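Here's the letter readout for the chains.
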Amino acid sequence: MEEKKGEVVLFGTWTSAFCTRVELALKLKGIPYEYVEEDLTNKSELFLSLNPVHKKVPVLVHNGKSIAESLIILEYIEEGWNTTPKLLPEDPCQRAKVRFWANYFDQKIVPSFYIIFGSKDKEREKAIEDSSQLLKVFEEGIEKDFPGQSPFFNGEILGYLGIVIGSHACNYQAVDEAIGVAIISEKNPKFLSWVNTLKNCPLMGETLPPHDKLVARLSARLKST
Amino acid sequence: MGEEVILHGTWASPFSCRVIWALKLKGIPYEYIEEDLSNKSSQLLQHNPVHKKIPVLVHGGKATCESMIILEYVEEMWPQNPLLPTDPCERADARFWIKFAEEKGPAMWTVYRTSGEEQEKAVKDTLEMLRAIEAHGLVDKKYFGGDKIGIVDIAFGQIAQWLGVIEDIVGVKLLEAHKFPRLHAWIKNFKEVPIIKENLPDRDEMMVFFKHFREMLLTSSRDS
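So, how was this worked out
- Residues numbered from 1 in each chain as written.
- Chains lettered and ligands numbered in written order.
- Predicted model: local features only at pLDDT ≥ 70, side-chain atom pairs only at ≥ 80, totals over all residues.
- Heavy atoms only, no water.
- Patch = residues over 30% accessible without salt bridge, like charges linked within 9 Å, V, L, I, M, F, W, Y side chains within 5 Å.
- Areas by Shrake-Rupley, 256 points an atom, 1.4 Å probe, with all protein chains shown as cover.
- Salt bridge = Lys/Arg side-chain N within 4 Å of Asp/Glu carboxyl O.
- Helix = DSSP H or I, 4+ residues; strand = E, 2+ residues; numbered from the N terminus.
- UniProt positions renumbered as here; feature names shortened; annotations may be inferred.
- Buried < 20%, exposed > 50% of the residue type's maximum accessible area, 1.4 Å probe, protein only.
- Pairing = 2+ DSSP bridges.
- Core = buried A, V, L, I, M, F, W, Y, C linked by side-chain atoms within 4.5 Å.
- Axes fitted to C-alpha atoms, helices over the stretch in contact; angles between N-to-C directions.
- Parallel < 35°, antiparallel > 145°, perpendicular 65-115°, else oblique.
- Left-handed = near helix turned anticlockwise from the far one by under 90°.
- Contact = heavy atoms within 4.5 Å.
- Nonpolar A, V, L, I, M, F, W, Y, C, P; charged D, E, K, R; others polar.
- Lys, Arg positive; Asp, Glu negative; His and termini not counted.
- Charge placed at Lys NZ, Arg CZ, Asp CG, Glu CD.
- Buried area = accessible area lost by both parts, 1.4 Å probe.
- Polar contact = N/O pair within 3.5 Å; in protein donor to acceptor, adjacent residues only side chain to side chain.

Another aspect to go through is a nonpolar patch on the surface. Residues and elements named next belong to chain B. Among the surface-exposed residues, Trp11, Tyr32, Phe209, Phe213 and Met216 lie close enough to one another that they form a single nonpolar patch of about 430 Å² accessible area. For the nonpolar patch, the element with the highest residue contribution is helix α12 (residues 203–223), accounting for 3 residues. Positionally, methionine 216 belongs in helix α12.

A word on the UniProt feature "domain: GST N-terminal" (unreviewed entry) in chain B. Per the UniProt entry, the sites bearing "domain: GST N-terminal" (unreviewed entry) are residues 3–82 of chain B in this numbering. Each end of residues 3–82 of chain B is marked by a C-alpha atom, and these two atoms are 20 Å apart; helix forms 36% of the span and strand 21%.

It is worth spelling out the pairing of strand β3 (residues 59–62) of chain A at this point. Residues and elements named next belong to chain A. A two-sided burial pattern is seen for β3, the buried positions comprising Val59 and Val61 on one face and Leu60 and His62 on the other. Bridge count between strand β1 (residues 8–12) and β3: 4 bridges; the pairing is antiparallel. Of the residues in β3, the one forming a bridge with leucine 10 is leucine 60. Inspection of the sheet shows β3 paired to strand β4 (residues 65–68) by 4 bridges, in the antiparallel sense. Across the sheet, residue leucine 60 finds its bridge partner in β4, namely isoleucine 67. Hairpin connection of β3 to β4: 2 residues between the antiparallel strands, including asparagine 63 at a positive phi of 50 degrees.

Turning to the environment of leucine 174 of chain B, a few remarks are in order. For leucine 174 of chain B, the position within the fold is in the loop between α9 (162–170) and α10 (181–192). The spatial distance from the C-alpha of leucine 174 of chain B to the C-alpha of valine 123 of chain B is 7.6 Å, given a sequence separation of 51 residues.

Turning next to the nonpolar core. With 155 residues, the main nonpolar core has Ile77, Phe138, Ile165 and Phe191 of chain A together with Phe156, Ile159 and Trp186 of chain B as its most contacted residues. Element by element, the count of residues in this core is highest for helix α4 (residues 92–118) of chain A, at 13 residues.

Once that is clear, we can look at the packing of helix α3 (residues 70–80) of chain A against helix α4 (residues 88–104) of chain B. Where α3 of chain A meets α4 of chain B, the axes come as close as 9 Å, and the angle between the chain directions of the two elements is 160 degrees. For the element pair α3 of chain A / α4 of chain B, the angle class is roughly antiparallel. The crossing of α3 of chain A and α4 of chain B is right-handed. Side by side, α3 of chain A and α4 of chain B meet where Ile72, Glu75, Tyr76, Glu79 and Gly80 of chain A of the first sit next to Pro88, Cys89, Arg91, Ala92, Arg95, Phe96 and Lys99 of chain B of the second. The residue makeup of the contact of α3 of chain A with α4 of chain B, split by class, is 6 nonpolar, 1 polar and 5 charged.

On the UniProt side, "domain: GST N-terminal" (unreviewed entry) is annotated at positions that read residues 6–85 of chain A here. Between the first and last C-alpha atoms of residues 6–85 of chain A the distance is 20 Å; the span itself is 36% helix and 21% strand.

What follows covers the sheet that holds β4 of chain A. Hydrogen bonds between backbone groups are what pair the strands of a sheet, and the pairing can be parallel or antiparallel. Residue and element names in this part refer to chain A. The strand order across the open sheet built from 4 strands is β2-β1-β3-β4, with neighbouring strands paired in mixed fashion. Each edge of the sheet is formed by a strand with only one pairing partner; in this case those strands are β2 (34–37) and β4. Taking the axes of each pair of neighbouring strands and ignoring which way they run, one obtains an average angle of 20 degrees across the sheet.

A surface patch of positive charge is lined by Lys108 of chain A together with Lys40, Lys52 and Lys53 of chain B. Relative to the elements of secondary structure, lysine 52 of chain B occurs in the loop between α2 (42–47) and β3 (56–59). Judged by its relative accessible area of 41%, lysine 52 of chain B falls in the partly exposed class.

All right, on to the interface of chain A and chain B then. Each side of the interface is counted separately: chain A has 27 residues, and chain B has 27 residues. Buried surface at the junction of chain A and chain B, both sides included, amounts to about 2,300 Å², of which 70% is carbon and sulfur. Counting every contact that joins chain A to chain B gives 7 salt bridges. Notably, a salt bridge pairs glutamate 76 of chain B with arginine 99 of chain A, separated by 3.1 Å at the nearest N-O pair. For the pair chain A and chain B, the number of links is 5 residue pairs in polar contact (both at pLDDT 80 or more). When contributions to the side of chain A that touches chain B are tallied by element, the ones reaching two or more residues are β4, α3, α4 and α5 (121–145) of chain A. The leading source of residues in the side of chain A that touches chain B is α4 of chain A, at 11 residues.

What follows is the structure, encoded as structure tokens:
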């Protein structure tokens, strides 16, 4: 398959982990792109025309066509540029498992993080416990489905599941600082160790939002609610 | 691919039907196991410990769960009669609509399962979903897949029969032909595809089943 050429533009916001996912994938594949910071309180006409159904970031524009939804964009990048490294495993059964857990993370765990962030006191304590239970299911499931291997990396290199989990979870220290309590605790030691391994990845470090800037933004958001 | 294919499903489930349609469209022989959801088999619980739901596809002893993930797996293992386009951009578009179907589809089931304010909101959400599909999903196309049905048509299959059953039971018309001409035409075309026609659950049986189930749900929610 030919190398895809043509302009790649990513519309995103610097605080969005969904956007981080796309940047990680583009960088891993060595795909040059232009990044456009979109003001979500004042969405541009151009942006709204690119994602008329959901009006959300990230949106990837390639050769004038727009693709929305972070996981879909990742699959598009994988298929559209036949370059290494591969983001997804080769084996269809492994691919299904990786997609299943990415789906689980997005359907269950990400919302549980938002609930923790948006609640207070006793409600927040409960939200942290609920999230921890979901993370336990995740830990057990990953160990069962990928015995003796890390599904977050393809060899040494970050893979699809590492991109999906890391983009949200690697920001945990900034969230902890902003809300004053640990969002991921020692109750989930495996998950914490996976996330810390992902954090140590240089590409993750350069792509995640800067710690202090993120703490400031999250704290401001908390104060305004 | 000589390994055994087993599908755990239930006859009335649109999610189960998605997998049946895909397997039949590709001519893949399989063994079907009808699950009793009030008494789930040990194999089902073993194969889907996380969600404990159907459908589950077991191929060569390995289980795949979640209907649309199963369909991507089936597509990759058995490439004949492809359900996804080959062009990456068109594939991304198809996946967008699959995700949309997964996220917005539950609203119609909330209409079915609830009453009062919760149901009113679900009616609004369902209408919003239908409007988005009508406006953006079927422009100049007979099927979501183009000239023949594809994975998105399968994903939206519940609109073709289950939505009508919900409308009749609940007594609310959501998909009016004059408001949703494209969707209305699509439903007719979709149900005429031979594989779909032969593999839709019987509508009368669905009415009996879903009516009874709804009565049970509403009674138990009143009592709790």
